[in-house]
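# A closer look at the structure
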Amino acid sequence: GENVEQHPSTLSVQEGDSAVIKCTYSDSASNYFPWYKQELGKRPQLIIDIRSNVGEKKDQRIAVTLNKTAKHFSLHITETQPEDSAVYFCAAKGGGSNYKLTFGKGTLLTVNP
Amino acid sequence: DVKVTQSSRYLVKRTGEKVFLECVQDMDHENMFWYRQDPGLGLRLIYFSYDVKMKEKGDIPEGYSVSREKKERFSLILESASTNQTSMYLCASSPMLALLSGANVLTFGAGSRLTVL
């Protein structure tokens, strides 16, 4: 089955800096890659996603890039703000399933004012 | 506002007890999921259902069962709770239409934190 590795497990940045979180996946047939943000004590929420036929997607301060050859994808947050502090999870939907998302273990991002 | 509601936020049970975790969604979604969230392990899929009375095992189904008698309700059952099932349980749902476009956009509930003593 699909295996998703996520790095780093913790990341601390100064307000205004950029943050990058990276994930690798094992199933070359995976075709959908979402990112979820979970603030402390709250439910995970989708912040951005990308399909395998697209190399990059941007939404204001966040962007996701996908390298299918290397089987990795990354979340980029620019001009970080304290409210960006949260746990971020990447996920991949394997080619053999329409339903199953395999999640990474999460990255705790702390933005220091 | 769309909602996935988990009936219990916090439960404390004893080893060997039967535990029911209930999840209801009001978005008319076809797909429903149960995940388990543990620190350092991320979210792991226990079971999912793509239709009433249909269910499929996820990555860690051992010790769990599920029930989906109505479209809006998906229950997770621990037949005989054990201490290693102490965890946060997250229910989620997604529409079939999203799957047809290649995505699987999950809406999560607030979670049920289960402690087994």
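Just above, that's the structure.
Presented here is an overview of the structure given in this document. For clarity, every value in this text was computed on a predicted model and none was experimentally measured.

All chains considered together, the criterion is met by 15 aromatic pairs over all chains. When the ring of Tyr36(A) is compared with that of Phe103(A), the centres are 5.7 Å apart and the planes differ by 55 degrees; the resulting orientation is tilted. Here Tyr36(A) is found in strand β4 (residues 32-38), whereas its partner Phe103(A) is found in strand β10 (residues 101-103), with 67 residues between them in sequence. Phe103(A) matches Tyr36(A) in its accessibility class, with the two residues each being buried. Grouping aromatic residues by their ring pairs yields a cluster made of Tyr36(A), Phe89(A), Tyr99(A), Phe103(A), Phe33(B), Tyr35(B), Phe48(B), Tyr50(B) and Phe108(B).

A few words on the state of the cysteines. All names here are of chain B. As enumerated under the stated definition, the model contains two disulfides over all chains in all. In this model, Cys23 is linked to Cys91 through a disulfide, with the two sulfur atoms separated by 1.9 Å. Since a negative S-S torsion denotes a left-handed disulfide, the Cys23-Cys91 link at about -80 degrees is left-handed. Highlighted residues: Cys23 in strand β3 (residues 19-25) and Cys91 in strand β9 (residues 87-94), separated in sequence by 68 residues. Residue class for Cys91 comes out buried when judged on its relative accessible area of 0%.

On to the side chain of Ser93(B), then. All names here are of chain B. When you line up the elements, Ser93 lands in strand β9. Polar contacts involving the side chain of Ser93 include one to the side chain of His29, which spans 2.8 Å. Not counting the four nearest positions on each side in its chain, Ser93 is found in contact with Val4, Gln25, Met27, His29, Asn31, Met32, Phe33, Val105, Leu106 and Thr107.

Rules of the game
- Residues numbered from 1 in each chain as written.
- Chains lettered and ligands numbered in written order.
- Predicted model: local features only at pLDDT ≥ 70, side-chain atom pairs only at ≥ 80, totals over all residues.
- Heavy atoms only, no water.
- Phe/Tyr/Trp six-rings, centres within 6.5 Å; stacked < 30°, edge-to-face > 60°.
- Helix = DSSP H or I, 4+ residues; strand = E, 2+ residues; numbered from the N terminus.
- Buried < 20%, exposed > 50% of the residue type's maximum accessible area, 1.4 Å probe, protein only.
- Disulfide = S-S within 2.5 Å.
- Polar contact = N/O pair within 3.5 Å; in protein donor to acceptor, adjacent residues only side chain to side chain.
- Contact = heavy atoms within 4.5 Å.

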